[in-house]
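Listed below, chain by chain, are the residues.
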Amino acid sequence: MEIMKGIGVSPGVVICPAVVLDAEDLVIPRRLVDVNSVDKEVARLREAFTKATDDLNVFRAELKAEHGNDIASIFDFHAGLLKDKTLLNSVLKEIQTSHTNAEYAVSVAMKKLAGTFLAMKDSYLADRVKDVYDIEKRVLRTLIGNAHEGLLNLQQNVCVIAHDLLPSQTAALDKNRVKGFACDVGGRTSHTAIVARAMGIPAVVGLGNVSSAISGGDLVIIDGTRGVVIVDPDADQLTEHEEYVRQYIEFEKELATLKDLPAVTTDGHAVTLMANIEFPAEINDALDRGAKGIGLYRTEFLYMASVIEPTEEDHYLAYADAVRRLDGRPLVIRTLDLGADKYIFGKGPSKEANPFLGDRSIRMCLHNLPMFKAQLRAILRAAVHGDVRIMFPMISTIMELRQARMVLNDVIEELEDEGASFKGDVPVGMMVEVPSAALLASNFAREVAFFSIGTNDLIQYTLAVDRTNERVAGLFTPAHPAVLSLIRDVIRAANRQGIGVSVCGEMAGEPLYTLLLLGLGLNTFSMNGPDVPEVKKIIRSTTTEHARQVARKVMSFDSERQVVHYLREETRKIIPEAF
Amino acid sequence: MNSEPYSPAGPSTMSVVTRDIVIQNHLGLHARPAMQFVDLANQFTSEITVEKPLADGVDEAVTVDGKSVMQMITLEATQGTKLHVTASGEDAAAAVEQLAKLVDDKFGEDE
């Protein structure tokens, strides 16, 4: 039994066996073998070690022929480990005492060995843990061969454990079988967190070494609400968490009853709750949770889930699919927000010293006009089927906004000339997520149909905190008075100009901030589908006057601690279950 | 350093030989030197153990199999670490002699 603390990034609790993903997507199955089969597994293991050694020797000989002895000798240590009886015996012992299959025994023994290396004081020696991982893979590949179990057809419900989940990996998951995520790295806004919340399953990230502490098949409790992962829970913990899971399901059921009720305060003020999505298929679930439309459709996932650049037709099919599923409800399509932490599949991170301040998002689009135009064309063509709105991300100067509009106008002309079926007068809005845009919100308000405040980037750029860096992630908070005063000013500027304004960052879906945002005059909240009921419950339980009082009080504080403490007190009065 | 190996009986009988060695090469007993040591040790029929005794910075004495590179690495023997090499078997004296020489020659590393 081991309890690990991380950052809970998607709420809920789940108890199920783990599947551990490594960079090569090898899934290590755990099977108990009966006493008679132990010898068979031992034989398989010996064979795998021999074969791995042979393969390595061939590889070394090739290296030696090509690059000389210096390079090849790097692998002498690998060969040495493979023929080391101590190592082989530790795996054999695992099979003989635990009666597991050879793959699982290798994974367990190698993890122990890796742990020994990682604990070494000498950094050079600790670094040799890479060699351990390497030979582990070599042996596993031999054992599993080509018959490794993919994640697409899982036989049972599982939690996925990984160092970090890559977009290409999450795209390939069997979403009906995956019930939770736990990762070594990441923060509240990492890819894993976003996908988990979209799927409505618990996730804990920033756990440090969860992927080496857990072996495939281990029973795991992932508590995404409290940010805890328990490996091999004892009987007491199981009972406690089963009870907790039951309570959680009760709470969810209660929230589900809110689905068809409007999001109005007790004094009759209505707000719009929308959902954020990555894939059109998520729309049905979002509507089931009570969302009234899609306030943020993150189109970059079209790119990240694909090996080749999507064509205009790929874009069109996805958008048309989304529009049809919405059946007349609004769909805000955010144009490509690639770059920095999100890269196109296969291209990897760009070589920029400071990618978050670099050629990303709208800047990248304006530098890649054919790509940008293909997307805009597809959006306008899909717009004939319903209520489509365009949103440009990461606008930092008025010129960028005007340029993007010019490109849109070019596209409209092209489509007109071609006689294509499209809709030209779609509402155009912008994300406010750079402090320069927030500070000049009243200027921007004259040129767009709506604002959407992207709190994740706004916080990062205002507070100078990289949210994915675990060492400073603690400084990342929407509650910082500087962030709050920017948000207040943007909402105020939009309301004065009479344009729409929403918050589509994580903050919109956090119950802690619902009263505050409502009190600041926000009329549209866009969040992950699973968060809609809870936010709605808060809205339905308060008055605009109370929310305004809360906002006034919050704006008088000078530290995020006061803000969080006060908001927690106020919110707890409405939904004690939330905290 | 102990220069005279302990060798109580004549050739072709069981003997136990022990000697103190000090790791002198710059990087210590890292992957390549550990491999050289183990490869050499495996050429002898004697059982070979290596002990890292208690010392400054060594909280716990460890004894490992000198024929296992995995165990040798876990000694974490950095430059200046003192070790006892013990061989027991027919070729114990020669084993200890040659292993000590390998260590004294800094595993052939240029410093």
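Residues numbered from 1 in each chain as written. Chains lettered and ligands numbered in written order. Predicted model: local features only at pLDDT ≥ 70, side-chain atom pairs only at ≥ 80, totals over all residues. Heavy atoms only, no water.

Draft legend 1. Inspection of the sheet that holds strand β1 (residues 15-22) of chain B at higher detail. Residues and elements named next belong to chain B. Overall, antiparallel pairing links the four strands, which are arranged β1-β4-β2-β3 in an open sheet. The open sheet is flanked by β1 and β3 (62-65), the only strands paired with a single partner. If you compare each strand with its neighbour and ignore which way they point, the axes differ by 20° on average. Summarising the sheet, strand β2 (residues 47-52) and strand β4 (residues 82-89) pair through five bridges and their orientation is antiparallel. By the bridge assignment, E51 is partnered in β4 with H84. The sheet contacts of helix α3 (residues 92-104) involve β1, β2 and β4, and relative to β1 the element is tilted by about 10°. (Pairing = 2+ DSSP bridges. Helix = DSSP H or I, 4+ residues; strand = E, 2+ residues; numbered from the N terminus. Axes fitted to C-alpha atoms, helices over the stretch in contact; angles between N-to-C directions. Contact = heavy atoms within 4.5 Å.)

Draft legend 2. Spotlight on helix α25 (residues 560-574) of chain A. Residue and element names in this part refer to chain A. An ideal rise of 1.5 Å per residue puts 21 Å on 15 residues; α25 measures up with 21 Å between its terminal C-alpha atoms. Within the span of α25, buried status applies to V563, V564, Y566, L567, E570, T571 and I574. Contacts from the buried residues of α25 go to α21 (481-497), α22 (514-519), α23 (532-540) and α24 (544-555). (Expected span 1.5 Å × (residues − 1). Buried < 20%, exposed > 50% of the residue type's maximum accessible area, 1.4 Å probe, protein only.)

Draft legend 3. Inspection of the interface of chain A and chain B at higher detail. With 17 residues of chain A at the interface, the matching set in chain B holds 15 residues. Across the interface of chain A and chain B, roughly 1400 Å² is buried in total on both sides, 72% from carbon and sulfur atoms. It is A:F77, A:T86 and A:L125 that lose the most area in chain A upon contact with chain B, and together they represent 32% of the buried surface on that side. Measuring nitrogen to oxygen at the nearest pair gives 4.0 Å for the salt bridge that ties A:K83 to B:D39. Secondary structure elements with two or more residues in the side of chain A that touches chain B: α3 (76-82), α4 (85-98), α5 (102-118) and α6 (123-126) of chain A. Tallying contributions element by element places α3(A) first for the side of chain A that touches chain B, with four residues. Looking at the side of chain A that touches chain B, its residues break down into eight nonpolar, three polar and six charged. (Buried area = accessible area lost by both parts, 1.4 Å probe. Salt bridge = Lys/Arg side-chain N within 4 Å of Asp/Glu carboxyl O. Nonpolar A, V, L, I, M, F, W, Y, C, P; charged D, E, K, R; others polar.)

Draft legend 4. Representation of the packing of helix α16 (residues 369-382) of chain A against helix α17 (residues 398-418) of chain A in the model. Residues and elements named next belong to chain A. The N-to-C vectors of α16 and α17 enclose an angle of 60°; their axes lie 9 Å apart at closest approach. Read as a crossing pair, α16 and α17 show a hand that is right-handed. On α17, the residues touching L369, F372, K373, L376, R377, L380 and R381 of α16 are A404, V407, L408, D410, V411, I412, E414, L415 and E418. The residue makeup of the contact of α16 with α17, split by class, is ten nonpolar, no polar and six charged. (Left-handed = near helix turned anticlockwise from the far one by under 90°.)

Draft legend 5. Local environment of the nonpolar core. Of all hydrophobic cores here, the largest spans 104 residues; its most connected members are A:F392, A:F451 and A:F525. If you tally residues by element for this core, the top one is α21(A), at eight residues. Not counting residues within four places of it along the chain, the set of residues in contact with A:F451 comprises A:M430, A:V432, A:A441, A:F444, A:A445, A:V490, A:A494, A:I499, A:G500, A:V501 and A:S502. With 69 residues, the next largest nonpolar core counts A:L56, A:A72, A:L140 and B:V17 among its residues. (Core = buried A, V, L, I, M, F, W, Y, C linked by side-chain atoms within 4.5 Å.)

Draft legend 6. Structural detail: the sheet that holds strand β3 (residues 13-20) of chain A. Residues and elements named next belong to chain A. Judged by pairing direction, the sheet is mixed, and its eight strands sit side by side in the order β1-β8-β7-β3-β4-β5-β6-β2 without closing on themselves. The strands lining the two open edges of the sheet, one partner per strand, are β1 (2-5) and β2 (7-10). For this sheet the average axis-to-axis angle between neighbouring strands, irrespective of direction, equals 30°. Helix α9 (residues 191-199) contacts β2, β5 (178-183) and β6 (203-205) of the sheet and is inclined by roughly 160° relative to β5.

Draft legend 7. The environment of A:I379, seen in detail. Residues and elements named next belong to chain A. Here I379 is to be found in helix α16. Spatially, the C-alpha atoms of I379 and Y319 are 6.7 Å apart, while their sequence positions differ by 60 residues. Beyond its immediate chain neighbours, meaning those up to four positions away, I379 contacts Y319, I333, T335, V388 and I390.

Draft legend 8. Highlighting unusual backbone geometry. A positive phi is found at A:A464, a non-glycine position, where the angle reads about 55°. Assignment of secondary structure puts A:A464 in the loop between α20 (455-463) and α21. What makes A:A464 exposed here is its relative accessible area of 69%. Phi angles above zero are rare outside glycine, and B:K106 is one such case at about 55°. Position of B:K106 among the secondary structure elements: in the segment after α3. Overall, the relative accessible area of 28% leaves B:K106 in the partly exposed class.

Draft legend 9. Highlighting the confidence of the model for chain B. When pLDDT is averaged across chain B, the result is 85; 87% of the residues are at 70 or more. Both scores are available for the predicted complex, with the pTM at 0.60 and the ipTM at 0.79. (pLDDT = per-residue confidence, 0-100.)

Draft legend 10. Representation of the side chain of B:K52 within the structure. Residue and element names in this part refer to chain B. Checked against the element boundaries, K52 lands in strand β2. Of note is the side chain of K52, whose polar atom sits 2.6 Å from the backbone oxygen of L75. Residues contacting K52, with those up to four places away along its chain left out, are V58, E60, A61, V62, L75, E76, T81, K82 and L83. (Polar contact = N/O pair within 3.5 Å; in protein donor to acceptor, adjacent residues only side chain to side chain.)

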